[in-house]
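Understanding the architecture of this molecule
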Amino acid sequence: MDTPLPLPKYHQIYLVLREQLQEGRFDRDGVPGEHLLADQFSVARITIRKAMEMLVADGLVVRRPGLGTWPLHAGQRTGGGKTPGISREKAHLTGLLENIVNMGLRTSVAVLESSVVGASDAVADALTLAPGAPVYKSIRVRSTQAGPLSYITTHVPQDIAQIRREELERKPLLMLLEEAGVELGGATQTISARLADAVVARHLDIAVGSALLAVTRLVRDVADRPVQLLQGLYRPDRYQYQLQLSRVGDIDAKVWVSEELSAQFH
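Residues numbered from 1 in each chain as written. Predicted model: local features only at pLDDT ≥ 70, side-chain atom pairs only at ≥ 80, totals over all residues. Heavy atoms only, no water.

Our focus in this paragraph is the packing of helix α1 (residues 9-22) against helix α3 (residues 45-57). Packed helices, taken two at a time, are described by the angle between their axes plus the distance between the axes. Orientation of α1 relative to α3, taken along the N-to-C sense of each, is 50 degrees, at an axis distance of 8 Å. As the angle between them shows, α1 and α3 are arranged oblique. When the axes of α1 and α3 are compared, the crossing they make is right-handed. Contacts between α1 and α3 involve K9, Y10, H11, I13, Y14, L17, R18 and L21 from the former and T47, I48, K50, A51, M52, M54 and L55 from the latter. (Axes fitted to C-alpha atoms, helices over the stretch in contact; angles between N-to-C directions. Helix = DSSP H or I, 4+ residues; strand = E, 2+ residues; numbered from the N terminus. Parallel < 35°, antiparallel > 145°, perpendicular 65-115°, else oblique. Left-handed = near helix turned anticlockwise from the far one by under 90°. Contact = heavy atoms within 4.5 Å.)

On to α3, then. With 13 residues, α3 extends 18 Å from end C-alpha to end C-alpha; this agrees with the ideal 18 Å at 1.5 Å per step. Of the positions making up α3, those classed as buried are T47, I48, A51, M52 and L55. Each buried residue of α3 sits inside an arc of 135 degrees when the element is viewed along its axis, so together they form one side. Taken together, the buried residues of α3 touch α1, α2 (34-41), β1 (61-64) and β2 (68-71). Residue G59 follows α3 closely and has a positive phi angle near 75 degrees. (Expected span 1.5 Å × (residues − 1). Buried < 20%, exposed > 50% of the residue type's maximum accessible area, 1.4 Å probe, protein only. Arc of directions from axis to C-beta.)

The next subject is the nonpolar core. Judged by nonpolar contacts, the single largest core of 17 residues is most densely connected at L17, I48, M52 and L55. Those elements giving two or more residues to this core turn out to be α1, α2 and α3. Among residues more than four places away in sequence, those in contact with L55 are Y14, L17, R18, L21, L60 and V61. Grouped together as the second largest cluster of nonpolar side chains are 15 residues, V111, V156, I160 and L176 included. (Core = buried A, V, L, I, M, F, W, Y, C linked by side-chain atoms within 4.5 Å.)

Turning next to the pairing of strand β8 (residues 211-221). Sheet topology places strand β7 (residues 184-195) next to β8; 11 bridges connect them, and they run antiparallel. Within β8, the position partnered with T190 by the bridge is T216. Here β8 pairs with strand β9 (residues 226-234) via 8 bridges, running antiparallel. Residue pairing across strands places A214 opposite L233, the latter belonging to β9. (Pairing = 2+ DSSP bridges.)

Next up, the structure:
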């Protein structure tokens, strides 16, 4: 368990066991006992016990005296678990911007911050503004029935639109931009990974150091002017991107191309 991740060993073990549970590894014989797991991971039993306590708290396993530890599947979990059995919704969409707006309409939002600030060097560079130029900054947490889904920070040049906090609580930001007369053209999006810090972990109801999908999206209008910079952190257990690919071209030069982009969240 010697990894560069800034996580205690019990949390690393918890993450490994959680993935194995999701793969159905222990459905037949149950989760191995503390002695076996301690030997497997080369740690003390107290470390295994802490990892198991996290799995129990998440409603992923049940510990039965004399019978061992067994996986709890979605249909067996009660309201006390953090991962209730909510069916996954799938949004079939025709493009990236439709995807984003559709997701905004099908989730609830809590606005944590809504203010005008001076653009940092990185934000100014992305939006082609002078450093310190006024930008509208918002921080929002989106949720589904299963709980918090994403922690989203957005920056919009102040001269693009006047956006009020109460409006953000009712509508997706892209819809507000369109209502202000912005003609949306397209977006460039980068997806990577990041570990949750203490602030994000608290709002997304996860442990510090948990892995998150990190999305950076730059939206432009029809004149190719940057109108929004979004930096989103998504729980990978509740959100994923899906691309439909097709093979095109001559037999000697066939390539995969994307036909449709969809979002899955639950």
